[in-house]
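# Observations on chain architecture
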Amino acid sequence: MVSMFRDGLLKGKRILVTGGGTGLGKEMAEDYLRLGAEVYICGRRKNVLDETAKELMDRHGGSVKTHSVDIRVAQAVDDMVGEIWADGGPLSGLVNNAAGNFISPTKDLSPRGFDAIANIVFHGSFYVTHAVGTRWIADKVKGSVISILTTWIWNGGPFTVPSAMSKAGINIMTKSLAAEWGPYGIRLNAIAPGPFPTEGAWARLSPGQSTDGEGSREGIPMGRVGEMDELKNLATFLMGDGCEYLTGQTIAIDGAGYSAGGGNFSRLSKLTDDDWGKMREMIRSANDKDKAQRSV
Ligand code: HXC
């Protein structure tokens, strides 16, 4: 573990990480906990959240609380944020990490397929930011929002169009609200990661490919995928105090993949309809496995 920060850096902070039960969300939640924050995680699978909370508290002590919520439902989001406020006072930070994505030729997407992703990423991230931000303004407290985006917000996301469109929207939300809510002491920044292989994302973005990073290095000048500690350190830097003049920014952490040629899925143009049929089946079975565990 390569930590750049002193123990207790985030003591006194209360942070909500959406989609914090797995993947990048779990990693960031762990670092916040380790550095002294009280952490809340939410997601659709209560059992997964509870297991993660236990695992992290066993490892680091402290407090991780879980909320089972589908962020596509605005009222459910507002209820959850209200409960968090009632539980111990205002949050100090929010990480918009929850997302949905799968690779697909756009010609094969149904409106429901588009909505499944846009409702999570575009609408859901707004609902959570709005529910938290309006309370910060009412309570006259400062706060920090970090959204997890992708470099495709700058150059387009072939084969991931609903996600690229939605994340591009959250990029402009970051800039817009940094300006609108700056007077309240609220800052918003975003992280645009290159490949940081996790089980949830790889099952839908690189089906059949292992998460060890093999096969995901192509086109990345640094010749490797990202290391979780690197992402965690950036997420902690943006959440911590000491650089609060930094707001409205989206920072890529991608080994220069984007600068070198895009870092997106344009290479998938080579796939045949048959290849896509197989991909879709693999993605479907990953989705079905997740769905069977959902509590909302
Ligand atoms: C085409 C598909 C499809 C596929 C689903 N659909 N999978 N279409 N190809 N592979 C279509 C379905 O046919 C259906 O439309 C519609 O989408 C809704 O499907 P459901 O399974 O009912 O959706 P739902 O249960 O709401 O699940 C949402 C989901 C699922 C997005 C489809 O994947 C999910 O819950 N994902 C959450 C976790 C996740 O995706 N993690 C990876 C994030 S990675 P019809 O018309 O048939 O009814 C990420 C990385 C960003 O965001 C960038 C990194 C660099």
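This text goes with the structure placed above it.
Residues numbered from 1 in each chain as written. Predicted model: local features only at pLDDT ≥ 70, side-chain atom pairs only at ≥ 80, totals over all residues. Heavy atoms only, no water.

To continue, consider empty space enclosed by the protein. Tallied over the entire structure, the rule returns one cavity of 30 Å³ or more. Within this model, the largest cavity holds a volume of roughly 40 Å³. Lining of the largest cavity is provided by Asn 96, Ala 98, Val 121, Ser 125, Ile 148, Leu 149, Lys 167 and Ile 170. Taken together, the residues of the lining of the largest cavity sort by class into five nonpolar, two polar and one charged. (1 Å grid on protein atoms, 1.4 Å probe; cavity = no way out; pocket = protein on both sides within 12 Å on 5 of 7 lines; lining within 4 Å. Points joined across faces, edges and corners; volume = space filled by probe spheres on them. Nonpolar A, V, L, I, M, F, W, Y, C, P; charged D, E, K, R; others polar.)

Close contact between helix H3 (residues 74-88) and helix H4 (residues 111-139) brings their axes to 9 Å; oriented N to C, the two are set at 40 degrees. Here H3 lies oblique to H4, going by the angle between them. The interaxial crossing formed by H3 with H4 has right-handed handedness. Of H4, the residues touching H3 (which contributes Ala 74, Val 77, Asp 78, Val 81, Gly 82 and Trp 85) are Tyr 127, Val 128, Ala 131, Val 132, Arg 135, Trp 136 and Asp 139. Here the residues of the contact of H3 with H4 are counted per class, giving nine nonpolar, one polar and three charged. (Axes fitted to C-alpha atoms, helices over the stretch in contact; angles between N-to-C directions. Helix = DSSP H or I, 4+ residues; strand = E, 2+ residues; numbered from the N terminus. Parallel < 35°, antiparallel > 145°, perpendicular 65-115°, else oblique. Left-handed = near helix turned anticlockwise from the far one by under 90°. Contact = heavy atoms within 4.5 Å.)

On to the site of the ligand, then. Of all residues adjacent to the ligand, which total 25 residues, the nearest are Arg 44, Arg 72, Ser 110, Arg 112 and Lys 291. A distance of 2.7 Å is found between an oxygen atom of the ligand and a side-chain nitrogen or oxygen belonging to Lys 291. Those elements that provide at least two residues to the shell around the ligand are H4, helix H7 (199-205) and helix H10 (273-291). Considering every element that reaches the shell around the ligand, the biggest residue donor is H10, with five residues. For the shell around the ligand, the per-class residue count stands at eight nonpolar, eight polar and nine charged. (Near = heavy atom within 4 Å. Polar contact = N/O pair within 3.5 Å; in protein donor to acceptor, adjacent residues only side chain to side chain.)

Turning our attention to the side chain of Thr 160. Inspection of the secondary structure puts Thr 160 in the loop between helix H5 (152-155) and helix H6 (161-181). Thr 160 gets classed as buried once you look at its relative accessible area, which sits at 1%. Excluding residues within four positions of it along the chain, Thr 160 makes contact with Asn 101, Ile 103, Trp 152, Leu 205 and Phe 265. (Buried < 20%, exposed > 50% of the residue type's maximum accessible area, 1.4 Å probe, protein only.)

Here we take up the environment of Asp 87. One can find Asp 87 in helix H3. Here the alpha-carbon distance between Asp 87 and Phe 5, two residues 82 residues apart in the chain, equals 28 Å. Residues contacting Asp 87, with those up to four places away along its chain left out, are Tyr 40 and Lys 65.

The next thing to look at is the nonpolar core. Membership of the largest hydrophobic core comes to 30 residues, with the highest contact counts inside it found for Leu 16, Leu 91 and Val 132. If you list the elements that add at least two residues to this core, you get strand S2 (38-43), H3, H4, H6 and strand S6 (186-193). Element by element, the count of residues in this core is highest for H4, at seven residues. When near neighbours in sequence (up to four residues on either side) are disregarded, Leu 91 contacts Arg 14, Ile 15, Leu 16, Tyr 40, Ile 84, Trp 85, Val 132 and Trp 136. Counting residues in hydrophobic clusters, the runner-up holds 29 residues, among them Leu 10, Ile 15, Tyr 32 and Leu 49. (Core = buried A, V, L, I, M, F, W, Y, C linked by side-chain atoms within 4.5 Å.)

As a further point, take unusual backbone geometry. Despite not being glycine, Lys 140 has its phi angle at roughly 55 degrees, a positive value. With respect to the helices, strands and loops of the structure, Lys 140 is situated in the loop between H4 and strand S5 (143-148). Residue classification places Lys 140 among the exposed residues on the basis of a relative accessible area of 76%. In this structure, Ala 256 takes a positive phi of about 70 degrees despite not being glycine. One can find Ala 256 in the loop between strand S7 (250-253) and helix H9 (257-261). Residue classification places Ala 256 among the partly exposed residues on the basis of a relative accessible area of 33%.

Residues Arg 112, Arg 280, Arg 284 and Lys 291 make up a contiguous surface patch of positive charge. The leading source of residues in the positive patch is H10, at three residues. By the element assignment, Lys 291 lies in helix H10. Looking at Lys 291, the relative accessible area reads 47%, which means it is partly exposed. (Patch = residues over 30% accessible without salt bridge, like charges linked within 9 Å, V, L, I, M, F, W, Y side chains within 5 Å. Areas by Shrake-Rupley, 256 points an atom, 1.4 Å probe, with all protein chains shown as cover. Salt bridge = Lys/Arg side-chain N within 4 Å of Asp/Glu carboxyl O. Lys, Arg positive; Asp, Glu negative; His and termini not counted. Charge placed at Lys NZ, Arg CZ, Asp CG, Glu CD.)

Bear in mind that shape data such as this cannot, by itself, settle questions of function.
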